[in-house]
Number of protein chains: 2
Amino acid sequence: MQAQTARPRPRRLEASERRREIIEVSTQLIAERGYRGVSLDNIAEACGITKQGLLHHFRSKAELLVAVLEYRDEVDLAESTRRAPRSLTRAGFREEIRESARRSIARPGIVQLYAVLSAEALDPEHPAHAYFIRRLNWTRELLRQGAVSWHPDPEGFAIELLSFIDGLQLNWLRDPSIDLEARALQYVDRILAEYS
Amino acid sequence: MQAQTARPRPRRLEASERRREIIEVSTQLIAERGYRGVSLDNIAEACGITKQGLLHHFRSKAELLVAVLEYRDEVDLAESTRRAPRSLTRAGFREEIRESARRSIARPGIVQLYAVLSAEALDPEHPAHAYFIRRLNWTRELLRQGAVSWHPDPEGFAIELLSFIDGLQLNWLRDPSIDLEARALQYVDRILAEYS
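Residues numbered from 1 in each chain as written. Chains lettered and ligands numbered in written order. Predicted model: local features only at pLDDT ≥ 70, side-chain atom pairs only at ≥ 80, totals over all residues. Heavy atoms only, no water.

Novice: Explanation requested: the relation of the copies chain B and chain A in the structure shown.
Specialist: Mapping chain B onto chain A leaves a residual RMSD of 0.0 Å; the transformation is a rotation of 180° accompanied by 0.0 Å of translation along its axis. Overall, the copies show the geometry of a two-fold rotation axis. When the interface residues of chain B are mapped onto chain A, 100% of them are again interface residues, pointing to one common binding face. (Least-squares fit on C-alpha atoms with pLDDT ≥ 70 in both. Contact = heavy atoms within 4.5 Å.)

Novice: Where do I start with the UniProt feature "DNA-binding region" (unreviewed entry) in chain A in this structure?
Specialist: With numbering matched to this structure, UniProt assigns "DNA-binding region" (unreviewed entry) to residues 39–58 of chain A. Taken end to end, residues 39–58 of chain A is 75% helix and 0% strand, and its two terminal C-alpha atoms sit 13 Å from one another. (UniProt positions renumbered as here; feature names shortened; annotations may be inferred. Helix = DSSP H or I, 4+ residues; strand = E, 2+ residues; numbered from the N terminus.)

Novice: Explanation requested: the interface of chain B and chain A in the structure shown.
Specialist: For an interface, size is often stated in terms of accessible area lost upon the parts coming together. Between chain B and chain A, the contact holds 36 residues from the first and 36 residues from the second. Here chain B packs against chain A, burying approximately 3300 Å² in sum over the two surfaces, 57% of which is carbon and sulfur. For chain B, the biggest contributors to the area lost against chain A are Leu122(B), Arg174(B) and Arg190(B); these three give 23% of the whole. Ionic pairing is found between Arg190(B) and Glu160(A), a salt bridge with its closest N-O pair at 3.0 Å. Where chain B touches chain A, the interface holds 12 residue pairs in polar contact (both at pLDDT 80 or more). Taken together, the elements giving at least two residues each to the side of chain B that touches chain A come down to helix H6 (108–120), helix H7 (129–145), helix H8 (154–174) and helix H9 (180–194) of chain B. For the side of chain B that touches chain A, the leading source of residues is H8(B), giving 13 residues. (Buried area = accessible area lost by both parts, 1.4 Å probe. Salt bridge = Lys/Arg side-chain N within 4 Å of Asp/Glu carboxyl O. Polar contact = N/O pair within 3.5 Å; in protein donor to acceptor, adjacent residues only side chain to side chain.)

Novice: For this particular structure, what's the right way to read the pattern of salt bridges?
Specialist: Oppositely charged side chains may form a pair once their charged atoms are brought near each other. Evaluated as defined, the whole model comprises 40 salt bridges over all chains. A salt bridge links Glu70(A) to Arg134(A); its shortest N-O distance comes to 3.0 Å. With Glu70(A) in helix H4 (residues 61–83) and Arg134(A) in helix H7 (residues 129–145), this residue pair connects regions lying 64 residues apart in the sequence. Its salt-bridge partner being Arg183(A), residue Asp153(B) comes within 3.8 Å of it at the nearest N-O pair. In this pair, Asp153(B) sits in the loop between H7 and H8 while Arg183(A) sits in helix H9 (residues 180–194), so the two residues belong to two different chains.

Novice: Would you take a moment to explain the nonpolar core for this structure?
Specialist: Taken as a class, soluble globular proteins show a tendency for nonpolar side chains to be buried jointly. Residues Phe93(A), Leu161(A) and Phe93(B) are the most contacted members of the largest nonpolar core, which totals 122 residues. For this core, the leading source of residues is helix H8 (residues 154–174) of chain A, giving 11 residues. (Core = buried A, V, L, I, M, F, W, Y, C linked by side-chain atoms within 4.5 Å. Buried < 20%, exposed > 50% of the residue type's maximum accessible area, 1.4 Å probe, protein only.)

Novice: Explain the packing of helix H5 (residues 90–106) of chain B against H9(B) here, please?
Specialist: All names here are of chain B. Axis separation between H5 and H9 bottoms out at 9 Å; the angle between their running directions is 165°. Judged by the inter-axis angle, H5 sits roughly antiparallel to H9. The interaxial crossing formed by H5 with H9 has right-handed handedness. Counting all contacts with H5, which are made through Arg90, Phe93, Arg94, Ile97, Arg98, Ala101, Arg102, Ser104 and Ile105, the residues of H9 involved are Leu180, Glu181, Ala184, Leu185, Val188, Asp189 and Leu192. The residue makeup of the contact of H5 with H9, split by class, is nine nonpolar, one polar and six charged. (Axes fitted to C-alpha atoms, helices over the stretch in contact; angles between N-to-C directions. Parallel < 35°, antiparallel > 145°, perpendicular 65-115°, else oblique. Left-handed = near helix turned anticlockwise from the far one by under 90°. Nonpolar A, V, L, I, M, F, W, Y, C, P; charged D, E, K, R; others polar.)

Novice: What is the right way to read the UniProt feature "domain: HTH tetR-type" (unreviewed entry) in chain A from this model?
Specialist: Under the UniProt annotation, "domain: HTH tetR-type" (unreviewed entry) lies at residues 16–76 of chain A. Taken end to end, residues 16–76 of chain A is 80% helix and 0% strand, and its first and last C-alpha atoms sit 20 Å apart.

Novice: How should helix H2 (residues 40–47) of chain A be read in this particular structure?
Specialist: An α-helical turn contains 3.6 residues, so a residue and the one three or four places further along point in the same direction. All names here are of chain A. Taken together, the buried positions of H2 are Leu40, Ile43, Ala44 and Cys47. The buried side chains of H2 occupy one side of the element, clustering within an arc of 100° when seen end-on. The inward-facing, buried residues of H2 abut helix H1 (15–33), helix H3 (51–57) and H4. Two residues or fewer past H2, glycine 48 is found with a positive phi of approximately 70°. (Arc of directions from axis to C-beta.)

Novice: Quick question: what am I supposed to make of the packing of H8(A) against H9(A) here?
Specialist: Geometry of a packed helix pair, given as the angle between the helix axes and the separation of the axes. Residues and elements named next belong to chain A. Where H8 contacts H9, the two axes come as close as 10 Å, and the packing angle between them is 160°. As far as their axial angle goes, H9 and H8 are roughly antiparallel. Seen along the crossing, H8 lies across H9 with a hand that is right-handed. Of the residues in H9, those touching H8 at Phe157, Glu160, Leu161, Phe164, Leu168, Gln169 and Trp172 are Leu180, Arg183, Ala184, Tyr187 and Ile191. Within the contact of H8 with H9, the residues separate by chemical class into nine nonpolar, one polar and two charged.

Okay, here's the thing in structure tokens:
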């Protein structure tokens, strides 16, 4: 199949750039319409390639969806690293939570993708199963060593915080009258006041 | 189709009892094997009826799954009501949380069913969509007026608690090394200490 790709196409060699473009376009479309409202055809069209061309980079919709979530992690992490070392102080921790809530509010489609895949991927056969186990481990470790290292039980608190945010996002998607940012900050402020 | 059901079958008239039996058998099988590991054929067989007979009571697997969750709510609520008015004290609240964690630990398959359907049902077209909105509303209201009415902000705390438990169950399903009961009690004890 590779031998047949001699038709003219701009930037033939930049497979990693094409991949990145597909992921960014997918993120944008999913953020707007929700992941069930976006087909591989829609994504291919928005990228100006064929569906077959798309499937050359991602073997299935599931594989592309995991790449979208990994890309979100990467961007969020880079953003947070840019703010360090302030993000490692208590005030910085509060800011991280607020920023994270605001990012979620700005792209509910991506949050829904995360929530649905996260639950479906409990099934060991699911293509995103390994991703979500890895993600739980590295976010827990990152929090423990960084943003919540001031807590007397950083390990336990990391689990509590991750769980609370996961559940809050889910309930906010279900009932948009819930104020995601205010609710998250109220929780964090109570914790910060307690361990000040 | 009803005219053809004249073949001998015990307890012909007790449709509500048959329905209940199907739900109880399904709950048991799902608790043991997970809901993806249980087919309508398995359930029908365990009830000693045909799949067609089963579909006479529940039009689809989705409808049956919602009935299983509603049944769990009913049993949990009855259990909690039995323990009232103690369950409305702070010590009783702690006990409710512990009991709830223990029930989850005893039937991870049901918790997984709840977690997966809960996320999938964010889609307005999903057959369990209305159920999960209703559930969020009544559990929030029940907590607000009862188990967490001692809290200075019962409405806000109800959302926080429900979110934390939802997220904790999800992460515990993903990583069984998380101690669901200990983690839930640690959270509750901190809250209780704070507002004592």
